[in-house]
Amino acid sequence: MNLIQDLRWRGLVAQSTDEKALAEAVKKPITLYIGFDPTAPSLHVGNLVVLLVLRRFQLAGHNPIALVGGATGLVGDPSGRNDERTLNSNDVIEGWVKGIRIQLSAFLDFETRVNPALIVNNLDWTSPLSVIEFLRDIGKHFSVNQMLAKDSVAARLESGGISYTEFSYQVLQSYDYLELFRRNSCTLQIGGSDQWGNIVAGLDLIRRVESGNAHALTVPLLTKSDGSKFGKTAGGNIWLDPTMTSPYAFFQFWLNSEDKDVINFLKVFSFKSQEQISELEKSHAQNPGLRQAHRELAREVTTLVHGADAAVRVESAAQALFGQGDLTALDEPTLASALAELPRTTISKNQEIPSWVDLLAATGVVESKSAARRVVRDGGAYLNNERVTSPDYAPSKSEFLCGKYAVLRKGKRDLAAVEII
RNA sequence: GGCGGGUUGCCCGAGCGGCCAAUGGGAGGGGACUGUAAAUCCCCCGGCUUAUGCCUUCGAAGGUUCAAAUCCUUCACCCGCCA
């Protein structure tokens, strides 16, 4: 089975230019790229879909380039949005570029002799360009008629309108592709399916300027079985940055996948073989309650993103704290290391112990004390797995495990820790 | 530049002087049932030292009024048509 077939099996192919030609081309090592615009301080699980495709290509012997959009991020991609982006300052974008660069590098191999990965920033070739050069050398090859016809632009003309800035985005992205075609003989660009228009515009440019032939491949927008957006939860996005989404929360995110999604997620996010995945599918069908597939998924993705140590830590933390009615049975080291993974708050030894409501609010698990009170009133409040019923309830010192820890729980699975120091 | 329409809570969207912290839907939270799943049903959903209490919200700033999301003025932004 070749790479393209495997991608297809994993549901990772939305559109491509001439698939036969592409399948033929990837028989030999090619150079390909994917762009990531800095739209936030960190990448999120949505970006992971495409990023892992890049990794799959590298594992198959191809030369991957990850492009950070230091330039395009300043302009803003209209694709998939129905309103204009607010521009961020150069400093902010620059900071994001740095962070994202580091994140990207964790998924690629730079050491290998044969096909080392490359990270580039499109600001490097865009910023030296003068306006006149841009308009004459690049702009001349674009027809406004065609630009207007792109989905991303057409949709915006329908809804909120579009600025000249964002309208120009496709030209910049096309130029990136041309530049990488020239510099690195890059002949394949991959992106999310909303990137099709931008990528194809690049192919046109390459054909016009260099009479070159290159390929495009897009990956479907990942949705959950109910059609809702993947990767969004109550707390917002699931980020790869451990300070923005803790490894514990990250692991839980995958573990809590819906049954209907889990096999699909394994195909998209894991590097397990088809045989391994169909084994898991079988075991899941036999005993869904065991959630074998969920566990494997959570383990693998957490390991990939946060490392093996973190993955083991957060899984055993969950094991120690979950379900087990009796937390007092845990020994101190186990308890301490499990709690270390949770959102937490500390109180001082001499201080009077605040109420459950105040403690929970202090951990940041709820947005306000009112919200915490509501949880108590609705019966979703727990201290060390015992339900808290009074809104004014304040734990006593004797209730602290090992004399210093308390586990707060909101609802079924939202845990937080309190430590006396 | 002219004329017209718009800006409401996380999102969509009602309200058009008092009964408005503001209808409804979605998202979200809690409970029951379960498997840290889904579906279903019930409850909640601005904040505060929980209060027939106070505070802050309906683009921004002023004004009219006993009383304004609702009326007036100015400003900002968005949309449409015309130039």
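Starting from 1, residues in each chain are numbered consecutively following that chain's sequence as written. A letter from A marks each chain and a number from 1 marks each ligand, given out in the order of writing. At least 70 in pLDDT is required for a residue's local features to be given in this predicted model, at least 80 for side-chain atom pairs to be given and counted, and no such filter applies to totals for whole chains, interfaces and linings, which use all residues. The side-chain figures draw on all heavy atoms in the structure; neither hydrogens nor water molecules are used.

## A look at the domain arrangement of chain A
The condition that has to hold: The split into domains, and so the bounds of each, comes from an automatic or database assignment of domains.
Domains assigned within chain A are domain 1 (3-219), domain 2 (232-321) and domain 3 (339-420). Put simply, the middle of domain 1 and the middle of domain 3, counted by C-alpha atoms, are 47 Å apart.

## Brief notes about the pattern of salt bridges
Counted only if it meets this: The term salt bridge refers to a side-chain nitrogen of Lys or Arg lying within 4 Å of a carboxyl oxygen of Asp or Glu. Put simply, DSSP marks the helices as runs of H or I at least four residues long and the strands as runs of E at least two long, and each gets a number from the N terminus on. Think of it in three bands: with a 1.4 Å probe and only protein chains considered, a residue is buried below 20% of the maximum accessible area for its type, exposed above 50%, and partly exposed in between.
Taken as a whole and judged by the stated rule, the model has 18 salt bridges. Taking the shortest distance from any N to any O, the salt bridge between E179 and R183 comes out at 2.9 Å. With E179 and R183 both in helix α11 (residues 169-184) and four residues apart, the pair spans about one turn of that helix. Take E179: its relative accessible area is 10%, and that puts it in the buried class. For R299, the salt bridge identified is with E296, shortest N-O distance 3.3 Å. Within this pair, R299 and its partner E296 are both found in helix α16 (residues 292-306), separated by three residues, close to a single helical turn. Residues joined in a network through salt bridges with shared partners are K272, E296, R299, E300 and E315.

## Overview of the protein's contact with RNA strand B
Defined as follows: Residues are classed as near a molecule or strand on a simple rule: at least one heavy atom within 4 Å of it. Polar contacts here mean pairs of N or O atoms no more than 3.5 Å apart (in protein, one a potential hydrogen donor and the other a potential acceptor; neighbouring residues in sequence count only if both atoms are side-chain atoms). The nonpolar class holds Ala, Val, Leu, Ile, Met, Phe, Trp, Tyr, Cys and Pro. Asp, Glu, Lys and Arg form the charged class, and all remaining residues, Gly among them, are polar.
Lining the immediate environment of RNA strand B, one finds 30 residues, of which Q252, N256, D259, S370 and R374 sit closest. The sugar-phosphate share of atoms of RNA strand B within 4 Å of the protein amounts to 67%. Contact distances for RNA strand B include 2.6 Å between a base nitrogen and a side-chain N or O atom of D259. In the model, a sugar or linking oxygen of RNA strand B is placed 3.5 Å from a nitrogen or oxygen of the G380 main chain. Mapped by element, the contributors of at least two residues to the surface near RNA strand B are α13 (247-255) and α20 (369-377). Broken down by element, the surface near RNA strand B gets its largest block of residues, five residues, from α20. Of the residues that constitute the surface near RNA strand B, the class distribution is six nonpolar, 12 polar and 12 charged.

## Side note on α13
The buried fraction of α13 is high, at eight of nine residues. Looking at α13, one finds that the buried residues are P247, Y248, F250, F251, Q252, F253, W254 and L255.

## Side note on the nonpolar core
Applied cut-off: Only buried residues count toward a nonpolar core, which is a set of Ala, Val, Leu, Ile, Met, Phe, Trp, Tyr and Cys residues joined through side-chain atoms within 4.5 Å. Any two residues whose heavy atoms approach within 4.5 Å are treated as being in contact.
Counting residues in hydrophobic clusters, the biggest one holds 77 residues, and the most contacted among them are L48, F57, L104, I190, W254, F269 and L321. Among the elements that take part in this core, helix α3 (residues 45-59) stands out by supplying nine residues, more than any other. In contact with L48, other than residues within four places in its own chain, are F107, L240, F269, V301 and V305. Formed by 28 residues, the second largest nonpolar core is a distinct cluster that contains F134, L172, A201 and L203.

## With respect to a nonpolar patch on the surface
Inclusion rule: Excluding any residue in a salt bridge, patches collect residues exceeding 30% relative accessible area, merging like charges within 9 Å and nonpolar Val, Leu, Ile, Met, Phe, Trp and Tyr side chains within 5 Å. The Shrake-Rupley method, run with a 1.4 Å probe, gives the accessible areas here. Residue values count only the displayed protein chains as cover.
Taken together, the side chains of V131, I132, L135 and Y164 make up a nonpolar region of the molecular surface, amounting to roughly 460 Å² of accessible area. Sorting elements by how many residues they give to the nonpolar patch places helix α7 (residues 131-138) first, with three residues. With respect to the helices and strands, the residue V131 is situated in helix α7. Assessed through its relative accessible area of 59%, V131 is described here as exposed.

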